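# Residue-level structure breakdown
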Amino acid sequence: QVQLVESAGGLVQPGGSLRLSCAASGRAVNGYSVGWFRQTPGKEREFVAAIRRNDRHTLYASAVKGRFTISRDNVNNAVYLQMNRLNTEDTGVYYCAATTTSYVLSHMSQKEGYDYWGQGTQVTVTS
């Protein structure tokens, strides 16, 4: 089965940018739809963005649409999350998750639909 490792989180000032990486191993990432989720203490894990396996169609949470971009790189076997114009509400642990199921886009925001998860990477946005 596929293994996922998130990286490149860090500390950034409001208005700054980060590019998160979700590196896959054991399987080809283009065989999976991949989603990004984030979580802060005391809150449920929430959907951020997703990319579908077959056609690379994307879905974004309203809070990040226009600021974040999800992409897939088959050569490097990874999925990335480009995060621009970050604000304090973007702070949290970011997780990537994968599924072989080709869901309709409206269902790809549901964390219950994903089978494989990474360990998370911390993103902190402070002044």
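Preceding block: the structure.
Bear in mind that the values here come from a model prediction, so they are computed numbers and not experimental data. Along each chain, numbering runs from 1 in the same order as the chain's sequence is written. It should be noted that, the model being predicted, local features are given only for residues of pLDDT at least 70 and side-chain atom pairs only at 80 or more, the latter also being counted only at that level, while totals for whole chains, interfaces and linings use all residues. Side-chain figures throughout are based on the complete set of non-hydrogen atoms in the structure, without hydrogens or water.

## Description of the environment of Lys111
For clarity, the threshold we go by: Under the DSSP-based scheme used, a helix requires at least four consecutive residues in state H or I and a strand at least two consecutive residues in state E, with every element numbered from the N terminus. Each residue's exposure class comes from its accessible area (1.4 Å probe, protein chains only) as a fraction of the maximum for that residue type: buried when under 20%, exposed when over 50%, partly exposed otherwise. Here a residue-residue contact requires only that any non-hydrogen atoms of the pair lie within 4.5 Å. Polar contacts, as counted here, are pairs of nitrogen or oxygen atoms within 3.5 Å of one another; within protein the pair requires one atom able to donate a hydrogen and one able to accept it, and residues that are adjacent in sequence qualify only if both atoms are side-chain atoms.
Along the chain, Lys111 turns up in the loop between strand E9 (92–99) and strand E10 (116–117). Exposure remark for Lys111: the relative accessible area of 24% places this residue in the partly exposed category. Along the chain, Lys111 and Gly35 lie 76 residues apart, while their C-alpha atoms are 8.4 Å from each other. If we skip the residues at most four places from it in the chain, Lys111 touches Phe37, Glu44, Arg45 and Trp117. Within the local environment of Lys111, its side chain forms a polar contact with the side chain of Glu44, the two groups lying 2.4 Å apart.

## A word on the environment of Gln122
Looking at the element boundaries, Gln122 is found in strand E11 (residues 121–125). What makes Gln122 partly exposed here is its relative accessible area of 40%. Counting along the chain gives 111 residues from Gln122 to Leu11, while the straight-line C-alpha distance between them is 8.3 Å. In contact with Gln122, other than residues within four places in its own chain, are Gly9, Gly10, Thr91, Gly92 and Val93. One polar contact links Gln122 to Thr124, side chain to side chain, over a distance of 3.3 Å.

This is a description of form; function is not addressed.
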